[in-house]
Amino acid sequence: MFEHKAWGCSMSEIDWRKHGFAASQLGYLLKGAGYFHQAHRAVDDCHALLEVLDFVLPTTGAPALALLLEKPPASRRCESGQSRPLSNSRTR
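Summary of the structure given here. (Residues numbered from 1 in each chain as written. Predicted model: local features only at pLDDT ≥ 70, side-chain atom pairs only at ≥ 80, totals over all residues. Heavy atoms only, no water.)

The next thing to look at is the overall build of the protein chain. Tallying secondary structure elements over the protein chain gives three helices and zero strands in all. The N-to-C order of helical and strand elements in the protein chain reads α-α-α. The buried share of the protein chain, taken over its 92 residues, is 24%. Across the protein chain, every contact between residues at least 6 apart in sequence was considered, and the portion connecting residues at least 24 apart equals 44%. As presented, the protein chain carries roughly 6700 Å² of accessible surface, and 57% of it is formed by carbon and sulfur atoms. (Helix = DSSP H or I, 4+ residues; strand = E, 2+ residues; numbered from the N terminus. Buried < 20%, exposed > 50% of the residue type's maximum accessible area, 1.4 Å probe, protein only. Contact = heavy atoms within 4.5 Å. Areas by Shrake-Rupley, 256 points an atom, 1.4 Å probe, with all protein chains shown as cover.)

Right, let's talk about the pattern of salt bridges for a bit. Evaluation of the coordinates by the stated rule reveals one salt bridge. The salt bridge involving R41 is made with D44; its shortest N-O contact spans 3.4 Å. Residue classification places R41 among the exposed positions, given a relative accessible area of 55%. Of the residues examined, D44 reaches a relative accessible area of 27% and is grouped as partly exposed. (Salt bridge = Lys/Arg side-chain N within 4 Å of Asp/Glu carboxyl O.)

What follows deals with the side chain of H37. Take H37: it is sitting in the loop between α1 (26–33) and α2 (42–54). H37 gets classed as buried once you look at its relative accessible area, which sits at 19%. At a separation of 2.8 Å, a polar atom in the side chain of H37 contacts the side chain of D45. (Polar contact = N/O pair within 3.5 Å; in protein donor to acceptor, adjacent residues only side chain to side chain.)

Here we come to the environment of C9. With respect to the secondary-structure elements, C9 resides in the segment before α1. Spatially, the C-alpha atom of C9 lies 7.7 Å from that of L68, the residues being 59 residues apart in sequence.

What follows concerns the environment of K71. Positionally, K71 belongs in the segment after α3 (64–70). Once the C-alpha coordinates of K71 and W7 are considered, the two residues, 64 residues apart in sequence, prove to be 9.8 Å apart.

Below is the structure:
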């Protein structure tokens, strides 16, 4: 169902520095949002990212996720410039 859906990259498609964060790595984002977590456990990292995306940015007054949703789906690309479907050989 998700194979042909466009998706956003929270690391490269949000200019985190513009919004007051030191860098775009999850640890920096969590620190900037006032959170702490046990790093490098997949489930914990996923939950942490959800908290960061729900964090209301002081520069916009909206959650960080809103910045990803503003982009048209056709423009969503990963850092390599290729479209990345959610369903690929690594997630099946």
